[in-house]
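Chain and residue survey
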Amino acid sequence: MGQKVNPISNRLGIIRGWDSNWFGGRNYGDKLLEDTKIRKYLNVRLAKASISRIIIERTLKLITITVHTARPGIIIGKGGQEVDKLKEELKKITDKEVQINIFEVKRPELDAIIVANNIARQLEGRVAFRRAIKMAIASTMRMGAEGVKIQVSGRLNGAEMARSEMYKEGRTPLHTFRADIDYAQAEALTKTGLLGIKVWICKGEIYGKPDLSPNFATKDSGGRKGGGFKKRRK
């Protein structure tokens, strides 16, 4: 089971909250499509800003978008000009008032999406895949992760036959629901074909009932509520 199910969806409602927070009603499909368009647009528009998560909340007339990024300066721009531009562009997509919150990821080495995208960019820049993966594992473990697992598949180093290789360090217990495991997939478009990258990062175990609401105002550097629950380290 652990290998087949996405570790994030497996923990929804237990230790992890949802990325879209709204009541659909009869227009559920339209809102879902709109969310997908917003995410796709922001990921392309802010490709250089190391985006981790995009959380969308809706009220009757307002859409609140919280962007988790390792480089908030790129999104904000000089005096917040870029944010205002972004609001206007998103208004055209949604035809509603848009509010954008920017939340800084203090430790990008512990974020699976950022790690996977970094590896993908290195592979596109013709860096040897073993070197890119080992550097990523070393920096993630140095930042205090309990374990990391990276799998890369495709025509590795331009080989004729596609294959998969996996590298692990520490522990990544996929069946343990209280284990805080971050997961991401990324693709690297190389000259010899498309390479797939999967990253699992175990940040420790969460005890007690965490707050799953997407209110990040009072959260600390790891994106967690202060004193909401304990986290066990080895």
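Just so we're clear, the structure is a prediction, and the values are computed from it rather than from any experiment.

Helix length check: helix α2 (residues 28–45) (18 residues) gives 26 Å between terminal C-alpha atoms against 26 Å at 1.5 Å per residue, within 8%. What α2 keeps buried is the set E34, D35, I38 and L42. For α2, the angular spread of buried residues about the axis comes to 105°, placing them on one side. Away from its buried face, by an angle of more than 90 degrees, α2 presents the exposed residues L33, K40 and V44. Here the buried face of α2 lies against β1 (20–21), β2 (51–58), β3 (62–69) and α4 (81–94).

A word on the domain arrangement of the chain. Looking at the chain, the domain boundaries give domain 1 (18–104) and domain 2 (108–205). Summarising the inter-unit geometry, the C-alpha centres of domain 1 and domain 2 are found 27 Å apart. At the junction of the two partners, domain 1 supplies four residues and domain 2 supplies four residues. Both faces considered, domain 1 and domain 2 share a buried interface measuring about 310 Å² in area, 59% of it formed by carbon and sulfur atoms. Run the count over domain 1 and domain 2 and you get zero salt bridges. Considering only residue class, the side of domain 1 that touches domain 2 consists of two nonpolar, two polar and no charged.

Parameters at a glance
Residues numbered from 1 in each chain as written. Predicted model: local features only at pLDDT ≥ 70, side-chain atom pairs only at ≥ 80, totals over all residues. Heavy atoms only, no water. Helix = DSSP H or I, 4+ residues; strand = E, 2+ residues; numbered from the N terminus. Expected span 1.5 Å × (residues − 1). Buried < 20%, exposed > 50% of the residue type's maximum accessible area, 1.4 Å probe, protein only. Arc of directions from axis to C-beta. Contact = heavy atoms within 4.5 Å. Domains from an automatic or database assignment. Buried area = accessible area lost by both parts, 1.4 Å probe. Salt bridge = Lys/Arg side-chain N within 4 Å of Asp/Glu carboxyl O. Nonpolar A, V, L, I, M, F, W, Y, C, P; charged D, E, K, R; others polar.

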